[in-house]
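# Observations on the three-dimensional arrangement
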Amino acid sequence: MGISTIPIMNAILSHLQHSPGSYHVPGHKMGRGLDGALGAWLSQAGRLDLTEIPGLDDLHAPEGAIREAQSLAADAFGAEETYFLVNGSTAGNLAMILTAVRPGEKILVPRNLHKSVLNGLVLAKAQPVFYHPEVHEEYGIASGVAVETVREIVQSHREAKALLIVSPTYHGICSDLKKIAEIVHEAGMMLLVDEAHGAHFAFHESLPETAMESGADMAVQSTHKTLGALTQASMLHVRGPQVDRARLRKRLQLVQSTSPSYLLLASLDVARHQMQTEGHAMMSQAIEAVKKGAGRLATSPHLNLLDENNTPGNFRVDPLKWTIGVTGLHKTGSQVYEHLHLQNRLTLELSDPQNVLAVFTYTDGDRQVDRLVKALQALEPAAKEAREHEVLLPKMLYTALEAKLLPHEAFEMDTERVPLQGAAGCCAGEMVIPYPPGIPLIVPGEVWTEELISHVQTLRDAGVRFQGVEDSRMQEVRVLPQQQKGV
Ligand SMILES: Cc1ncc(COP(=O)(O)O)c(C=O)c1O
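Residues numbered from 1 in each chain as written. Predicted model: local features only at pLDDT ≥ 70, side-chain atom pairs only at ≥ 80, totals over all residues. Heavy atoms only, no water.

### Considering the sheet that holds strand 13 (residues 321–325)
With respect to topology, four strands assemble into an open sheet ordered 11-13-15-14, the strand pairing being antiparallel. A single partner strand is all that each edge strand has here, and the edge strands are strand 11 (304–305) and strand 14 (350–351). Across two bridges, the pairing between strand 14 and strand 15 (residues 355–359) is antiparallel. Within strand 15, the position partnered with Ser-351 by the bridge is Val-356. Across the sheet, helix 12 (residues 262–297) touches strand 11 and strand 13, and the angle it forms with strand 13 is around 10°. (Pairing = 2+ DSSP bridges. Helix = DSSP H or I, 4+ residues; strand = E, 2+ residues; numbered from the N terminus. Contact = heavy atoms within 4.5 Å. Axes fitted to C-alpha atoms, helices over the stretch in contact; angles between N-to-C directions.)

Okay, here's the thing in structure tokens:
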């Protein structure tokens, strides 16, 4: 079984070779019944949209093509075992947490968690102990986690079963996972890494080290985010003696469909194959092009590109992510995002009050970099004229809040809507996640403070969008009525 094999893709193609008649699901019967424009676009791809028929193996009990493809992926990504995910890193985070902790057990969790991690805590009925990443003051975003922070939280909660960390962050900032793994393992805990944004790290030496290389026990990667897999297609990598594999497999069955899409599975197989055969060369040209582009942006006085040199702490930064501070243009990130989208037809990954984020991947090169650099630099002359206009730029607030209930306890409670300005002292009944950066400011069971209310009002008035909440205009929030037990 060499790296040039693509077992799932080959199994599908071999099935198609024999002009098979389909008397099985899915209902569109290999694309034939797909309607309208979707049918036209997917006419060929629909033929690949198969299911667990003879020769195509079974994701939940793999013995053939899927087993082979997962094993090849484990080799490619430096894992002992790799599991394919058809429900994104979301499913991987749920499965990691459900494997690592039993109800009531403690897990150390960063405040810049993705909402799938919070949902994992609810499902596992776990007791989270939150720790905080550093804040990159200049950009107002979550940065890496200091090794000292990990040491302290581990020492204060020796009974915790695992520490979960997000590395890289959405903005590409990486913590020192090697040192963190040592500390966590010395305390007998597992290290779980939400590496959703770092699937490409294994394929070039100038990219940060992977979680697996650094000694993590489990790491989840959204292969679809930075490599060539279809949206949702992701992987969970495992190594070391601490992870109970049988327990993990049971949990994966809990969070994954019994009808996994073969398009997604094949795309994972193909993405791995592409990286192993051509990945290094493709990454080299992309990194080189992006580096040259970064050099050009550095000459722009109104644009401020985040990199390792202007990031305090011992953190690596993914060179393929551009977090560009735009306050020098006297515009908000959202205004720049919208301008680029509408005027230049360039759609970036996200914006926040101060920044925009552009994601480059192995398939980008000089042309793509040049288009963005030119569009950004074209905004500069207007910035000079607009100098007297100041933009309201609230920084993100990441403070520890009192928690009266655990997330799963709060999740089970009745809630009521109250005006945001009257919520002080109430337990949150919903997550409040300014998007971007998608980091919850408060989670169910925590107590609203006046400081947080005023911060949320400022963000709201600056045009930041919120997820997790029922009233996305953030006039009202859901809280737990105080007459309920424990509230
Ligand atoms: C840090 C982080 N973890 C997990 C996820 C979930 O990944 P997926 O969309 O593959 O389910 C995301 C998605 O944006 C994320 O940013």
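So, next bit.
### Some thoughts on the site of the ligand
Around the ligand, the structure places 13 residues, and the nearest of them are Thr-90, Asp-194, His-197, Ser-222 and His-224. For the ligand, a nitrogen atom lies 2.6 Å from a polar atom in the side chain of Asp-194. Side-chain polar atom of His-197 to an oxygen atom of the ligand: 2.7 Å apart, as the coordinates give it. Protein burial of the ligand: of its 390 Å² of free accessible surface, 85% is covered by the chains. Those elements that place two or more of their residues in the shell around the ligand are helix 5 (88–100) and helix 10 (223–226). Class assignment of the residues belonging to the shell around the ligand gives a composition of two nonpolar, nine polar and two charged. (Near = heavy atom within 4 Å. Polar contact = N/O pair within 3.5 Å; in protein donor to acceptor, adjacent residues only side chain to side chain. Areas by Shrake-Rupley, 256 points an atom, 1.4 Å probe, with all protein chains shown as cover. Nonpolar A, V, L, I, M, F, W, Y, C, P; charged D, E, K, R; others polar.)

### Side note on the packing of helix 5 against helix 11 (residues 245–255)
Between helix 5 and helix 11, whose axes approach to 9 Å, the crossing angle comes to 135°. Between helix 5 and helix 11, the interaxial angle falls into the category oblique. Helix 11 is crossed by helix 5, and the crossing has right-handed handedness. Between helix 5 and helix 11, the contacting residues are Ala-91, Leu-94, Ala-95, Leu-98 and Thr-99 on the first element and Arg-247, Leu-248, Arg-251, Leu-252, Leu-254 and Val-255 on the second. Of the residues belonging to the contact of helix 5 with helix 11, the class tally is eight nonpolar, one polar and two charged. (Parallel < 35°, antiparallel > 145°, perpendicular 65-115°, else oblique. Left-handed = near helix turned anticlockwise from the far one by under 90°.)

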